Amino acid sequence: MITFAPYGAVFSDGAATFDYFKQVLKSLSRTDTLFWCARLNLILSDTKMDQKTKQEYYLDCFFTTQQIQVLNNFVIEHGGADHVVVIHRGALLELIRWVCLLCSDHTDDGETFNKPDNREAFARVLLIASELWSNRVYGNSAFEGTSLDEKRMNALALIRHSMVETRCQTRQFEIIARGAKLFGEIIPKHYSPFLAEFHKSAGLSIDEYYLCLCMVMTHYTNSGVKSGIGGKKESGIFTMERIRDSAPHMETIFEKFFNLLSITSEELKSAFWPVLQEEPTEFNCKYNLKTLRERPILRSEDGRMIILDPVCFLEKAIVGPLFHVLSRANQNRLFTSFGYAFEDYVENILQHVFPDPGAHLTRRLYPDVREVKDGGIQVADFIVDNVSEIVVIETKAVWIQDDKMSHDDPKVFVEHLRAKYGGEGSSSKKGYRQLARSVSNISIQEWQPAGIDLTRTKRVFPVLLVHDDLLDAPVSGHFLAEEFKKDLQPDSLEAGGWMIKGRFHVAPLIVITIDDMEYLESPLTTFTLVDLLNAYSTATPDRMVSLNNFLSVNSKKFPLIHNKNLALGCETLLNECMRLVFPEYAKTMT
């Protein structure tokens, strides 16, 4: 259980009211405060620092020795440093939008945080922003319900909303490598005009886009540039002038890139508060991260830039190119093509785990499995045949809309999940409903998967393999497993959550995110996929614990290893970055 430190844990001179928050916030200089929000966001996303070190960095910068001692007492009373968080990404995101609205630049902007009074004011407003964030995300009725099932259902949106705004991405370069693979190599096979349309929209080739992403990630998100209180020249700040001096031949490309991804504080204000006429007298709970997702780099009037939110910056690698090309005219075809591209990407991973054995050995992996008759209807995206067990896999690459999870009625989000991952309300079954239909039809021998002998099969593991890494949030796997069970309509239930359907024993639905699948590619040569899924089913039959958390707890038996192919992709990107941006230096390295 994690407790977010409240304002009263440090300051006892008054209530953390919205009016007091506005009063203190107005004393700060806008650009300096935004840059410090960005700088702390970089700290929170730093993969080389542990959680305790990140929290201590913030405390040392903004709190006096006496204030830290008071806070330490609160930490001890609430379970210790592992259970209390003082600074988190959600509070920073909350503060950013209010800074844009309520602050203005001081004449000494760029150096104002060298003054102790301003640092304390920032500490105060960030603690209050944390409480405002909590009110916005959880409200006063969090986890209410008349039954345990209703409480879990109501918690789905709240937990996801919290994770969307607090989770920090730890797999930075692997994600850039994945994006480059998906958009540079795979999606053009399914949507041939993609590269041309991207170049027309962004003004950059897809290779130039990922080169710029990689360069900025390499040079401006590492620990070495984020030390000290600092001024205009420190802590993750960069300028076009500095890049021009280092790589003058790349100036035009980087200018286009920063024009595409950067935003000024005035533009932020207009985006966050498009129709506001007067200063709010009450806390406004509505917040949309779309602006930060579209342009996650802050640019000041004097040309300084900084990554405002590293998570949104990395989303530009995962899905950014797709939305740069998206239009009303192509959206259906484009999203469909991305789904096929994701399926191809998953197949590439599974082929490394289950390579083609040749003509004389037993085949294990079957992609795009079709029914023998009935018009060749698709049974599954993949089936892994383990003789007495099969793993039936359906892939899904869809997006959950922010406004659905922040809706006042939790049922809106639940129905949205059903529509996205089950096809509820549409003419065709998708995701878990498609899995349930296939398993059901196979179990009663109405369908026979082409090329697969199921005569010795006794157990079935249904797997939903998803692009959305937040689907490993608590309760999500349980909800989808329950929905799968409803659609499967098992003949009877067994101990441990297993279900009898026809002649098969069927495990509860298992959700695997693409992040976990990438990590599993290499270690699945030391243990089998069926062994892992069986152990997971035994340990958490209700799916309340995600596979990712199960793997973390059982890392000795089922170790997660960095994906070798993604590591090679990262190395290729970095080498190409060095070759193009710093050609003279690259020559000395060959």
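Caption draft 1: Fine view of the nonpolar core. Within the largest apolar cluster, 201 residues are counted, with the highest numbers of intra-cluster contacts made by Y58, F122 and F257. In terms of residue count, the dominant contributor to this core is helix α10 (residues 206-220) (eleven residues). Setting aside anything within four residues of it in sequence, one finds F122 in contact with L28, T33, W36, C37, L40, Y58, F62, L95 and F113.

Caption draft 2: Main features of the side chain of E521. Relative to the helices and strands, E521 is located in the loop between α22 (514-520) and α23 (529-539). Of note is the side chain of E521, whose polar atom sits 2.9 Å from the side chain of H352. In this structure the side chain of E521 is engaged in a polar contact, spanning 2.8 Å, whose partner is the side chain of N563. Non-local contacts of E521, meaning those with residues more than four positions away in its chain, are made with I349, H352, V353, N563 and N565.

Caption draft 3: Representation of the pairing of strand β9 (residues 389-396). Extensive coverage of β9 is indicated by the burial of eight of its eight residues. Burial along β9 is two-sided: E389, V391, I393 and T395 and I390, V392, E394 and K396, pointing in opposite directions, are all buried. Linkage of strand β8 (residues 378-385) to β9, two consecutive antiparallel strands, is achieved through a turn of three residues, within which V387 is found at a positive phi near 70°. In this sheet, strand β10 (residues 459-466) lies alongside β9 in parallel orientation, the contact comprising eight bridges. Following the sheet pairing, V392 is matched in β10 by P462.

Caption draft 4: Just helix α8 (residues 172-190), in detail. When the terminal C-alpha atoms of α8 are compared, their 26 Å separation across 19 residues agrees well with the 27 Å that a helix rising 1.5 Å per residue should span. Most pronounced at L182, the bend in α8 amounts to some 30°.

Caption draft 5: Molecular detail of the pairing of strand β14 (residues 510-513). Here β14 shows a buried face lined by I510 and I512 and a second buried face lined by V511 and T513. Sheet topology note: the β10/β14 ladder contains four bridges and is parallel. Its bridge partner lying in β14, L465 is registered against I512.

Caption draft 6: Broad picture of the packing of aromatic side chains. On inspection of all chains with the given rule, the structure shows 37 aromatic pairs. Taken together, a centroid distance of 6.0 Å and an interplanar angle of 70° make the contact between F18 and F283 edge-to-face. Of the two residues, F18 sits in helix α1 (residues 18-25) while F283 sits in the loop between α13 (265-272) and α14 (290-294), which places them 265 residues apart along the sequence. For the pair F18 and F283, a shared accessibility class is recorded, and that class is buried. When the centroid spacing of 5.5 Å and the interplanar angle of 85° are considered together, the rings of Y58 and F63 count as edge-to-face. Looking at F63, the relative accessible area reads 7%, which means it is buried.

Thresholds applied
- Residues numbered from 1 in each chain as written.
- Predicted model: local features only at pLDDT ≥ 70, side-chain atom pairs only at ≥ 80, totals over all residues.
- Heavy atoms only, no water.
- Core = buried A, V, L, I, M, F, W, Y, C linked by side-chain atoms within 4.5 Å.
- Buried < 20%, exposed > 50% of the residue type's maximum accessible area, 1.4 Å probe, protein only.
- Helix = DSSP H or I, 4+ residues; strand = E, 2+ residues; numbered from the N terminus.
- Contact = heavy atoms within 4.5 Å.
- Polar contact = N/O pair within 3.5 Å; in protein donor to acceptor, adjacent residues only side chain to side chain.
- Pairing = 2+ DSSP bridges.
- Expected span 1.5 Å × (residues − 1).
- Bend = angle between axes of the 7 residues up to and from the residue.
- Phe/Tyr/Trp six-rings, centres within 6.5 Å; stacked < 30°, edge-to-face > 60°.

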